Amino acid sequence: QTDISKLPRITQELVNPPMLPKHDQVSTGQKVVQVRMVIEEKKMIIDDLGTEVWAFAYNGSVPGPMIVAHQGDYIELTLVNKSKNSMVHNIDFHASTGALGGGALTDIAPGEEVVLRFKATKSGVFVYHCAPGGIMIPWHVIHGMSGAITVLPKEGLSDGKGNKLTYDRAYYIGEQDYYIPKDENGNYKKYATPAAGMADELEVMKTLTPTHIVFNGKVGALTGKNALKAKVGETVLILHAQANRDTRPHLIGGHGDYVWERGSFANAPKVDLETWFIAGGSAGAALYTFKQPGIYAYVNHNLIEAVLKGATAHFDVEGK
Amino acid sequence: QTDISKLPRITQELVNPPMLPKHDQVSTGQKVVQVRMVIEEKKMIIDDLGTEVWAFAYNGSVPGPMIVAHQGDYIELTLVNKSKNSMVHNIDFHASTGALGGGALTDIAPGEEVVLRFKATKSGVFVYHCAPGGIMIPWHVIHGMSGAITVLPKEGLSDGKGNKLTYDRAYYIGEQDYYIPKDENGNYKKYATPAAGMADELEVMKTLTPTHIVFNGKVGALTGKNALKAKVGETVLILHAQANRDTRPHLIGGHGDYVWERGSFANAPKVDLETWFIAGGSAGAALYTFKQPGIYAYVNHNLIEAVLKGATAHFDVEGK
Amino acid sequence: QTDISKLPRITQELVNPPMLPKHDQVSTGQKVVQVRMVIEEKKMIIDDLGTEVWAFAYNGSVPGPMIVAHQGDYIELTLVNKSKNSMVHNIDFHASTGALGGGALTDIAPGEEVVLRFKATKSGVFVYHCAPGGIMIPWHVIHGMSGAITVLPKEGLSDGKGNKLTYDRAYYIGEQDYYIPKDENGNYKKYATPAAGMADELEVMKTLTPTHIVFNGKVGALTGKNALKAKVGETVLILHAQANRDTRPHLIGGHGDYVWERGSFANAPKVDLETWFIAGGSAGAALYTFKQPGIYAYVNHNLIEAVLKGATAHFDVEGK
Ligand SMILES: [Cu+2]
Ligand SMILES: [Cu+2]
Ligand SMILES: [Cu+2]
Ligand SMILES: [Cu+2]
Ligand SMILES: [Cu+2]
Ligand SMILES: [Cu+2]
Ligand code: NA
Ligand code: NA
Ligand code: NA
Ligand code: NA
Ligand code: NA
Ligand code: NA
Ligand SMILES: [Zn+2]
Ligand SMILES: [Zn+2]
Ligand SMILES: [Zn+2]
Ligand SMILES: [Zn+2]
Ligand SMILES: [Zn+2]
Ligand SMILES: [Zn+2]
Ligand SMILES: [Zn+2]
Ligand SMILES: [Zn+2]
Ligand SMILES: [Zn+2]
């Protein structure tokens, strides 16, 4: 039995996606990783038409921030529900064990906060999301209320054959499906409060057909001047989370050199994939070493979802 | 060439899902497993609104009963089509070889019965379903007419690295997609006979959007007082079949310690999964050892499908 | 650095799907594989109702022809956009590296041609498709504008445990989703030019619900008298490509003896699968040795997609 009070504690500064917080690839020893997230309910514009969603945003972003730890570490999260919010929220970590992943322990009303501590017993990249019970579960999740945690093996990543794998950069792509109601003229509706949209939104959700499927919260959040940067010769770790709906990442002009499709690093990665598959309610990881400069589109390769719904990012790769 | 007449014969008493029939995890020797299933066409209520479906039910249940055998065993099924039924039915075993999985050999009219014998040459958990030809195939399947068979390796399960895996309990979850037509007021329609609903149902089926996605035949069949029981420290085998549509099982607060996603035990299981993926027309298997007491929701982690369509079960885990 | 001008060059005669061009299973040495494809825009009937699509057809077929090479070979494609066509087209190879998979190098207007050369550095079966930018990408792809290339390992296929795998026949199944608009009477619309249908088609595409899902371009292209032939005892390689949408192949009465689900031959195949899963935007491979004569249906085992949308083929297996 570990005496947690004797473990070193580090405070991890969470950052906005698609970035990861500062971290070591190889563990320097078991520790307690302290993080703090503030939940904000806020209107967000999600496309070039000015379409609005009430984002339920862990730390103000969709997706919520990436946490990074090593296998065996403890995560100690302070979760704050801002007093100006209107809803009870909580957090369910797929990385944790018991108590509905933490959901049963973390219900907080506006103005409240809670501390959740759990041990990261399994390595991999795992989804977290709000799960306040019943229809609130999918309804909060499709308002953007999910994120991910990466639990690295103590020795870092490996190819399953005894060879270490490292990365020069890491990016975190959260894919979000939205279900925005339309009025009788076919225009997307806007709501003065989150609750005002709920009845309409449940009807769109039942069609299982999102109106928007986006990376990093909105159409174009990771394209053009917001493209992900890399250099020729660099190995990039791409973490892709989807809390609700299946997706199939593809890097146009590149490949998945090493891919953990279900995100668990305890399994040997697949190699040399053209496209990989992330099950709804999970996160996966891929490594690619860029060999040529240029713009690479990174898509959910249902091309309708990529182009007509929004699930496209760009890598802008310099070098020669 | 085996002289089948000299093999020991056992009669396996089939039981209602989510239970499995009594069986050994390790084979006691090659045998003929005799089973009998009676097909019943009957009205079934599938949700709290009183929505009806004409279930085409192998042995009276949706899904049909689980059969359990070992690799190399023969299965000898007597299939009975009750005389009060209205349709020709048959059975196609994904576990069998040739003759359209048995479908070509087993067409029976109401009042008839047929005996099918096949050798279980491959280990794994496999779907069976009715496949009477043409549009009758999906139409029967979406009326609940599928089940599964588990073919254990002779030596039982293993982790693919030489270590045996055993379970303390086993549960069988059949996930069913229904496509119930609505009238002009938006209420689910009821039909005096199965055939009366067919034209309407085909139109809903073409949308590829189920109105209901349920475990064990109906919304709530495995929640609340019907929750699946387990104890802390027990290892549970969860067999999940979906004859028609993809699904992504997730145990909230738990994991897949060992997962055979495609259900074939000839492949090493994946480990430590947050969520796994079952392709439509297949069955998969997962082992989990419960570490904490409490209620665990087990869902298809498209959360809209879990909550708004019905694909949720509960595990009620005692201990400390 | 290889001096490409010194490598032997072979001209590969492309053939219509479901056939593969003549090829060796084991490489006879690094080479340049020269192929030529002519793009044709042409009306095609896709079902028994006479429903029409404007096919954007690499070499006149949907899917485009299979190319076969070995790992390390160079592919040198001459791509011709017929002068009577109306659109700019190009080609993006998932097998290639850089330059948007070739898409950035190959835009050609009607009447133009272009030569693209790339090295097949990764083994596997990979999709290629037209990717002319923006909404043109999904719109061209759902007009049938995709195909596949098989890059065999130099030593041929293997089971990942040191045993070689060979095949007696190979078939290539391209699965295509179509989104055909209907008029106010519910009849499929016809358009005098490809461009005339675009606005309507984008609306159907946004539903993410195909009206047709077919093998080899049209309903019934591989059934009845067009069934795929094999003999008892033969091992058949089945290559299955879907450029846009997930699918779950199943051989009724057979199995996947060896399956490369994501199509990369650098991974050991899974064995003994009832059903396998191909992610949209990829191609997979399966080997099966037929044990019994008869008709085997090969389906996308969402049975609604197989029967009501069209995704069914037949194998006609002779012998005893
Ligand atoms: Cu929430
Ligand atoms: Cu591509
Ligand atoms: Cu039936
Ligand atoms: Cu959860
Ligand atoms: Cu095109
Ligand atoms: Cu079958
Ligand atoms: Na969990
Ligand atoms: Na994961
Ligand atoms: Na079978
Ligand atoms: Na299976
Ligand atoms: Na590529
Ligand atoms: Na592939
Ligand atoms: Zn919430
Ligand atoms: Zn809302
Ligand atoms: Zn979850
Ligand atoms: Zn039947
Ligand atoms: Zn059936
Ligand atoms: Zn089947
Ligand atoms: Zn084109
Ligand atoms: Zn493309
Ligand atoms: Zn592509």
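So, how was this worked out
- Residues numbered from 1 in each chain as written.
- Chains lettered and ligands numbered in written order.
- Predicted model: local features only at pLDDT ≥ 70, side-chain atom pairs only at ≥ 80, totals over all residues.
- Heavy atoms only, no water.
- Helix = DSSP H or I, 4+ residues; strand = E, 2+ residues; numbered from the N terminus.
- Buried < 20%, exposed > 50% of the residue type's maximum accessible area, 1.4 Å probe, protein only.
- Contact = heavy atoms within 4.5 Å.
- Areas by Shrake-Rupley, 256 points an atom, 1.4 Å probe, with all protein chains shown as cover.
- Donors = N, O, S within 2.8 Å, 3.2 Å for Na, K, Ca; no water.
- Buried area = accessible area lost by both parts, 1.4 Å probe.
- Salt bridge = Lys/Arg side-chain N within 4 Å of Asp/Glu carboxyl O.
- Polar contact = N/O pair within 3.5 Å; in protein donor to acceptor, adjacent residues only side chain to side chain.
- Nonpolar A, V, L, I, M, F, W, Y, C, P; charged D, E, K, R; others polar.
- Least-squares fit on C-alpha atoms with pLDDT ≥ 70 in both.
- Pairing = 2+ DSSP bridges.
- Expected span 1.5 Å × (residues − 1).
- pLDDT = per-residue confidence, 0-100.
- Axes fitted to C-alpha atoms, helices over the stretch in contact; angles between N-to-C directions.
- Phe/Tyr/Trp six-rings, centres within 6.5 Å; stacked < 30°, edge-to-face > 60°.

1. Here we look at the overall build of chain A
The number of helices and strands found in chain A is 3 helices and 21 strands. With respect to the three principal axes, the spread of C-alpha positions in chain A is 60 × 50 × 30 Å. Per-residue burial for chain A yields a buried fraction of 65% across its 320 residues. The long-range share in chain A, meaning contacts at least 24 apart out of those at least 6 apart in sequence, stands at 73%. Carbon and sulfur atoms form 50% of the exposed surface of chain A, whose accessible area is close to 10900 Å².

2. Quick notes on the coordination of the zinc ion (ligand 16)
All names here are of chain B. Protein coordination at the zinc ion (ligand 16) comes from His89 (ND1), Cys130 (SG) and His140 (ND1), with a distance range of 1.7 to 2.2 Å. The sequence pattern formed by the donor residues of the zinc ion (ligand 16) is H-x40-C-x9-H. Separation of the zinc ion (ligand 16) from the copper ion (ligand 3) amounts to 2.1 Å, with His140 serving as a shared donor to the pair. In this pair, His89 sits in the loop between strand S5 (74-81) and strand S6 (92-93) while His140 sits in helix H1 (residues 136-141), placing the two residues 51 residues apart along the sequence. An identical accessibility class is assigned to His89 and His140; each is buried.

3. Focus on the interface of chain B and chain C
On the chain C side, the residues contacting the 41 residues of chain B number 32 residues. Buried surface at the junction of chain B and chain C, summed over both partners, amounts to about 2900 Å²; 59% is from carbon and sulfur atoms. The largest contributions to the chain B side of the interface with chain C come from Lys122(B), Leu208(B) and Arg262(B), which together make up 23% of the buried area. Joining chain B to chain C, the criterion identifies 4 salt bridges. One salt bridge in this structure joins Asp257(C) and Lys122(B), with 2.6 Å as the shortest N-O distance. The tally of links between chain B and chain C comes to 20 residue pairs in polar contact (both at pLDDT 80 or more). For the side of chain B that touches chain C, the secondary-structure elements that each account for two or more residues are strand S8 (124-129), H1, helix H2 (194-206) and strand S19 (282-289) of chain B. Ranked by residues supplied to the side of chain B that touches chain C, first place goes to S8(B) with 4 residues. Residues that form the side of chain B that touches chain C fall into these classes: 20 nonpolar, 14 polar and 7 charged.

4. Looking at the relation of the copies chain A and chain C
Here the second copy of the chain follows from the first by a rotation about an axis and a shift along it. Overlaying chain A with chain C gives an RMSD of 0.0 Å, the required rotation being 120° about an axis along which the chain moves by 0.0 Å. Those values place the two copies in the arrangement expected of a three-fold rotation axis. A low fraction, 9%, of the interface residues of chain A reappear at the interface in chain C, so the copies pair through non-equivalent surfaces.

5. Here we look at the relation of the copies chain B and chain C
The transformation that overlays chain B on chain C combines an axial shift of 0.0 Å with a rotation of 120°, and the residual RMSD is 0.0 Å. The overlap is low: 7% of the interface residues of chain B also sit at the interface in chain C, so different surfaces are used on the two sides.

6. A closer look at the pairing of strand S2 (residues 32-45) of chain C
Regular strands place their side chains on alternate faces of the sheet. Residue and element names in this part refer to chain C. Here strand S1 (residues 9-11) pairs with S2 via 3 bridges, running parallel. By the bridge assignment, Thr11 is partnered in S2 with Gln34. Bridge count for S2 against strand S5 (residues 74-81) is 8 bridges, and the pairing is parallel. When the sheet's bridge partners are listed, Val38 is paired in S5 with Val80. Taking the residues that link successive antiparallel strands as the turn, the S2-strand S3 (residues 52-58) hairpin has 6 residues, and the phi of Gly50 there is positive, at about 85°.

7. As for the side chain of Lys31(B)
Residue and element names in this part refer to chain B. Within the secondary structure layout, Lys31 lies in the loop between strand S1 (9-11) and strand S2 (32-45). Judged by its relative accessible area of 12%, Lys31 falls in the buried class. Look past the residues within four positions of Lys31 in its chain and what remains in contact with it is Leu7, Pro8, Ile10, His70, Asp73 and Tyr74.

8. A look at the environment of Ala268(C)
Residue and element names in this part refer to chain C. One can find Ala268 in the loop between strand S17 (256-260) and strand S18 (270-273). By relative accessible area, Ala268 is classed as exposed at 52%. Separated by 10 residues in sequence, Ala268 and Tyr258 place their C-alpha atoms 8.9 Å apart. When neighbours within four sequence positions are excluded, Ala268 is seen to be in contact with Asp159, Gly160 and Trp260.

9. Focus on the pattern of salt bridges
The full count for this structure, using the stated rule, is 57 salt bridges over all chains. Across the pair Lys190(B) and Glu52(B) runs a salt bridge whose closest N-O atoms are separated by 3.9 Å. Of the two residues, Lys190(B) sits in the loop between strand S12 (169-178) and H2 while Glu52(B) sits in strand S3 (residues 52-58), which places them 138 residues apart along the sequence. Note that Lys31(C) and Asp73(C) form a salt bridge whose closest N and O atoms lie 2.5 Å from each other. Note that Lys31(C) is positioned in the loop between S1 and S2 and Asp73(C) in the loop between strand S4 (66-70) and S5, a separation of 42 residues in sequence. Through salt bridges with shared partners, a single ionic network connects Lys122(A), Asp257(B), Asp272(B) and Lys291(B).

10. Side note on helix H2 (residues 194-206) of chain A
Since the α-helix turns once every 3.6 residues, residues separated by three or four places project in the same direction. The end-to-end C-alpha separation of H2(A) is 18 Å, in line with the 18 Å expected for 13 residues at 1.5 Å each. Packed against the buried residues of H2(A) are strand S2 (32-45), strand S3 (52-58) and helix H1 (136-141) of chain A together with helix H3 (303-307) of chain B. Note on H2(A): the residue one or two positions beyond its end, Leu208(A), has a positive phi of about 60°.

11. Points about the coordination of the sodium ion (ligand 11)
Taken together, Gly254(A) (O), His94(C) (O) and Ser96(C) (O) make up the protein donors of the sodium ion (ligand 11), found 2.5 to 3.0 Å from the metal. In this structure, the sodium ion (ligand 11) lies 5.4 Å away from the copper ion (ligand 2), the two metals sharing His94(C) as a donor. For the pair His94(C) and Ser96(C), a shared accessibility class is recorded, and that class is buried.

12. Regarding the confidence of the model for chain A
Looking at chain A as a whole, its pLDDT mean stands at 97, while 100% of the residues score no less than 70. Interface scoring of the predicted complex returns ipTM 0.97; its pTM is 0.97.

13. So, the sheet that holds S12(B)
Residues and elements named next belong to chain B. Strands sit in the order S13-S12-S15-S19-S17-S18 across an open sheet of 6 strands; the sheet is mixed. Looking at strand neighbours, the two that pair on one side only are strand S13 (212-215) and strand S18 (270-273), the edges of this open sheet. In this sheet, neighbouring strand axes are inclined to one another by 25° on average, regardless of whether the strands run parallel or antiparallel. Here 8 bridges tie strand S15 (residues 235-242) to S19, and the two strands are oriented antiparallel to one another. Its bridge partner lying in S19, Gln242 is registered against Ser282.

14. Concerning the packing of aromatic side chains
Throughout the structure, instances matching the rule amount to 36 aromatic pairs over all chains. Centre to centre, the rings of Trp260(A) and Phe265(A) are 5.2 Å apart; their planes meet at 90°, and the pair counts as edge-to-face. The pair formed by Trp260(A) and Phe265(A) is uniform in burial state, with each residue classed as buried. Pairing Phe56(C) with Trp139(C) gives two aromatic rings, centres 5.5 Å apart and planes at 75°, and the pair type is edge-to-face. Highlighted residues: Phe56(C) in strand S3 and Trp139(C) in helix H1 (residues 136-141), separated in sequence by 83 residues. Here the two residues Phe56(C) and Trp139(C) agree in accessibility, since each one is buried. Members of the aromatic cluster, joined through ring pairs, are Tyr171(A), Phe215(A), Tyr288(A), Phe290(A), Tyr296(A), Tyr298(A) and Phe315(A).

15. A look at the interface of chain A and chain C
Counting residues at the interface gives 33 residues for chain A, matched by 41 residues for chain C. For the pair chain A and chain C, the two sides together bury roughly 2900 Å², of which 59% comes from carbon and sulfur. Of all residues in chain A, the largest losses of buried area upon contact with chain C belong to Glu274(A), Ile304(A) and Leu308(A), amounting jointly to 23% of the total for that side. Inspection of the region where chain A meets chain C yields 4 salt bridges. In this structure, the salt-bridge partner of Lys122(C) is Asp272(A), at a minimum N-O distance of 2.9 Å. Those elements giving two or more residues to the side of chain A that touches chain C turn out to be strand S18 (270-273), strand S20 (294-300) and helix H3 (303-307) of chain A. Of the residues assigned to the side of chain A that touches chain C, the class counts are 15 nonpolar, 8 polar and 10 charged.

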